[in-house]
Amino acid sequence: MLKLIKLSALALLLLLTIVLINTLTHNPSSDNDLKKIAIDFDESRAIINLSDSIKFKTISGQNRSQQSIEEFESFIQWLKKSYKLVTENTSLKRLNDTLLFKWEGSNPNLKPILVTGHYDVVPVIPGTEGSWTEPPYSGNVDSEYVWGRGALDDKSGVIGIMEAVTYLMEANFKPTRTIYLSFGHDEEIGGVNGAAEVVKYLSKEGVQLEWSLDEGSFLLEGFIPGVDKPVAAINVAEKGSVTLQVVGKAVGGHSSMPTRSSAVGHLSKALVKLDENRMPGGLEGLTLAMFDEISKHMPFVYKIAFANRWLFGGVIDSYLSQAPATNAMLRTTTAPTMLSASVKTNVLPIEAIAIVNFRIHPQNSVEDVFEHVRGLVENENVEVRALSYSGRPASQVSSWESRGYKVIESSVKEIFGDVIVAPGLMIAGSDTRHYAKVADNSYRFNPFPLSNKELAGFHGTNERIKKKDFLDGVRAYIRIIEKGSST
Ligand SMILES: [Zn+2]
């Protein structure tokens with residue numbers, strides 16, 4: 001007995017030692033000490049240009065009547081005029097209202113890179129204009145912020161890139177690798193006449209990009225509990241989407257004599273099953289790489305768990321599955337969004353229909369979703385149908401070991417200092433769903449710091465960017481373009 005106790009104590013001690021060693025060695029790599037560099041450029045010009053760009057109502061509404069052709073045309077003319085040096089030193093291909101600049105590198109044998117953004121914006125919800133501190137298209141500048149629709153999404157990207165290229169041209173920088181700059185005009189409505197056309201054009205020209213950088217995540221402050229450093233999640237993939245109809249069926253009839261078997265009853269049971277059986281997911285591949293890096297900067301208790309996933313893997317998965325934002329990183333999500341049944345209060349429906357939207361994780365295919373849903377709910381009373389317009393698979397997952405990723409990572413650290421850089425997964429869509437077709441690797445990241453408070457302005461009210469953050473973002477773009485095109 002005593003021997004057994006001794007043995008268990010020894011085993012426990014061994015276990016604790018392993019857990020402790022793993023935890024103590026779960027540390028960030030030393031390149032976090034990359035030297036911060038200072039870049040001097042014309043800050044007031046950059047702020048004025050961002051402010052002016054916001055004044056053009058380049059709105060992509062679902063409704064064509066919300067669109068003003070003149071605003072797009074004036075924006076294009078303004079951009080060309082405001083960035084003369086860029087126009088003079090590049091060739092410009094216009095594809096509808098999307099602009100593709102080519103800055104020729106000295107070595108044509110190297111694959112080009114693409115740095116891109118979009119200048120169309122989402123509409124301001126009618127009736128909410130009055131809730132804005134500054135009018136949405138004023139581009140007003142105060143001591144701290146530049147205000148207006150597009151300040152974050154994504155005129156800061158477009159103007160940031162143009163300012164960076166201007167700086168490099170003024171400094172007489174000569175790229176080795178060719179750089180393409182693309183500025184989309186219809187990203188908010190799918191990019192089919194913009195980015196998709198750029199891709200067609202580049203394919204025709206035989207261009208395959210080494211990597212591309214588009215909008216995506218930001219340098220996020222205060223989003224992950226226990227992590228006080230800003231996190232730059234360079235999104236290496238984007239989720240897909242599919243929408244299914246789940247249909248409960250019955251014979252119908254008058255509501256005064258309902259049958260025991262009703263369409264609504266069958267649908268309800270199916271929806272409960274879907275709700276209780278989410279698609280499987282967990283920490284692996286891209287999400288594992290992301291949380292592994294972030295957890296190295298967490299307080300000791302969290303570190304214990306992440307450094308010993310062989311022991312605490314289950315606990316971590318269920319913890320991360322609780323919050324909507326982290327749950328969306330781990331799995332394909334299930335979201336019933338619309339319901340319909342009878343058209344009259346006293347008529348039993350023949351069909352009760354739920355529309356369910358799934359955001360597909362790169363680990364799943366569109367078919368996986370169908371299989372999961374059919375396997376769970378389909379029977380003689382419940383049918384699963386596809387919506388004709390639905391079904392976009394998740395993107396390829398780009399490498400986070402590549403030269404392009406390292407260039408973005410080191411540039412962010414050079415400008416922002418001690419921040420966490422980790423590969424991320426984009427939950428929304430971007431024009432990169434098109435650009436990725438002609439790129440070996442695609443990244444989605446805006447090098448601007450963003451706090452929780454400012455995030456609310458994204459597609460919402462009071463969109464604004466801190467002047468300081470925008471200017472530092474320009475500095476990051478300068479380094480990304482300079483280093484990205486140098487070798
Ligand atoms: Zn955007």
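Residues numbered from 1 in each chain as written. Predicted model: local features only at pLDDT ≥ 70, side-chain atom pairs only at ≥ 80, totals over all residues. Heavy atoms only, no water.

Taken together, His 118 (NE2), Asp 153 (OD), Glu 215 (OE) and Glu 215 (OE) make up the protein donors of the zinc ion, found 1.9 to 2.6 Å from the metal. What the 4 donor atoms of the zinc ion show is an angle range of 54 to 150° at the metal, which sorts the shape as irregular. Mapping the donors of the zinc ion onto the primary sequence gives the spacing H-x34-D-x61-E. Placement of His 118 in strand 3 (residues 113-118) and of Glu 215 in strand 6 (residues 209-221) is noted, with a sequence separation of 97 residues between them. By the burial criterion, His 118 is buried, and Glu 215 matches it. (Donors = N, O, S within 2.8 Å, 3.2 Å for Na, K, Ca; no water. Tetrahedral: all angles 85-135°; square planar, octahedral: opposite > 155°, others 65-115°. Helix = DSSP H or I, 4+ residues; strand = E, 2+ residues; numbered from the N terminus. Buried < 20%, exposed > 50% of the residue type's maximum accessible area, 1.4 Å probe, protein only.)

The full count for this structure, using the stated rule, is 13 aromatic pairs. On the numbers, 5.7 Å between centres and 85° between planes, the contact of Phe 56 with Phe 75 is edge-to-face. Highlighted residues: Phe 56 in the loop between helix 2 (43-54) and helix 3 (69-82) and Phe 75 in helix 3, separated in sequence by 19 residues. Measuring from centroid to centroid gives 5.9 Å for Tyr 405 and Tyr 443, while their planes differ by 65°, and the two rings are edge-to-face. Of this pair, Tyr 405 sits in helix 13 (residues 403-416) while Tyr 443 sits in strand 15 (residues 439-451); the two residues are 38 residues apart in sequence, bridging distant segments of the chain. Classification of Tyr 443 by relative accessible area gives buried; the value is 0%. Pairwise contacts between aromatic rings join Phe 56, Phe 72, Phe 75, Trp 78 and Tyr 119 into one cluster. Arg 464 extends its terminal NZ or CZ atom over the ring of Tyr 145, reaching a point 4.9 Å from the ring centre. (Phe/Tyr/Trp six-rings, centres within 6.5 Å; stacked < 30°, edge-to-face > 60°. Lys NZ or Arg CZ within 6 Å of the ring centre and 35° of its normal.)

A separate point is the sheet that holds strand 8 (residues 240-249). Taken in spatial order, the 4 strands line up as 10-12-8-13 in an open sheet, and their pairing is antiparallel. In this open sheet, the two strands that pair with only one neighbour each are strand 10 (333-340) and strand 13 (382-386). Recorded for the sheet is a direction-independent mean angle of 25° between the axes of neighbouring strands. Examined bridge by bridge, strand 10 and strand 12 (residues 351-360) share 7 bridges and lie antiparallel to one another. (Pairing = 2+ DSSP bridges. Axes fitted to C-alpha atoms, helices over the stretch in contact; angles between N-to-C directions.)

A few words now on the pairing of strand 7 (residues 231-238). Burial of strand 7 is extensive: 8 of the 8 residues sit out of reach of the surface. For strand 6 and strand 7, the ladder comprises 2 bridges, and the chain directions are antiparallel. Each residue of the ladder has a partner; that of Leu 220, found in strand 7, is Val 231. Taken together, the 7 bridges between strand 7 and strand 14 (residues 420-426) define a ladder with parallel strand orientation. By the bridge assignment, Ile 234 is partnered in strand 14 with Pro 423.

Moving on, we get to the nonpolar core. Leu 79, Leu 181, Phe 183, Ile 408, Val 412 and Phe 470 are the most contacted members of the largest nonpolar core, which totals 82 residues. Both of domain 2 (43-225 + 426-484) and domain 3 (240-386) provide at least three residues apiece to this core. With residues up to four places along the chain from it excluded, the contact list for Leu 79 reads Leu 99, Val 158, Ile 159, Met 162 and Phe 183. Core analysis: the next-biggest nonpolar cluster, separate from the first, contains 23 residues, Val 242, Val 366, Val 369 and Val 382 among them. (Core = buried A, V, L, I, M, F, W, Y, C linked by side-chain atoms within 4.5 Å. Domains from an automatic or database assignment. Contact = heavy atoms within 4.5 Å.)

Bringing the pattern of salt bridges into the picture now. For the coordinates displayed, the defined rule picks out 28 salt bridges. Residue Glu 351 pairs with Arg 385 through a salt bridge whose shortest N-O separation is 2.6 Å. Of this pair, Glu 351 sits in strand 12 while Arg 385 sits in strand 13; the two residues are 34 residues apart in sequence, bridging distant segments of the chain. Given a relative accessible area of 28%, Glu 351 falls into the partly exposed group. (Salt bridge = Lys/Arg side-chain N within 4 Å of Asp/Glu carboxyl O.)

By the assigned domains, the protein splits into domain 1 (2-28), domain 2 (43-225 + 426-484) and domain 3 (240-386). For domain 1 versus domain 2, the distance between C-alpha centres works out to 52 Å.

It is worth spelling out the packing of helix 2 against helix 3 at this point. In the contact formed by helix 2 and helix 3, the axes pass within 11 Å of each other and the chain directions differ by 170°. With respect to each other, helix 2 and helix 3 are oriented roughly antiparallel. The handedness of the crossing between helix 2 and helix 3 is right-handed. Taking contact as the criterion, the partners of Asn 49, Asp 52 and Ser 53 in helix 2 are, on helix 3, Phe 75, Trp 78 and Ser 82. When grouped by side-chain class, the residues that make up the contact of helix 2 with helix 3 number 2 nonpolar, 3 polar and 1 charged. (Parallel < 35°, antiparallel > 145°, perpendicular 65-115°, else oblique. Left-handed = near helix turned anticlockwise from the far one by under 90°. Nonpolar A, V, L, I, M, F, W, Y, C, P; charged D, E, K, R; others polar.)

Right, let's talk about the environment of Leu 455 for a bit. Along the polypeptide, Leu 455 turns up in helix 15 (residues 452-455). In sequence terms Leu 455 and Phe 218 are 237 residues apart; their C-alpha atoms lie 9.7 Å from each other. The residues contacting Leu 455, other than those within four sequence positions of it, are Phe 223 and Leu 450.

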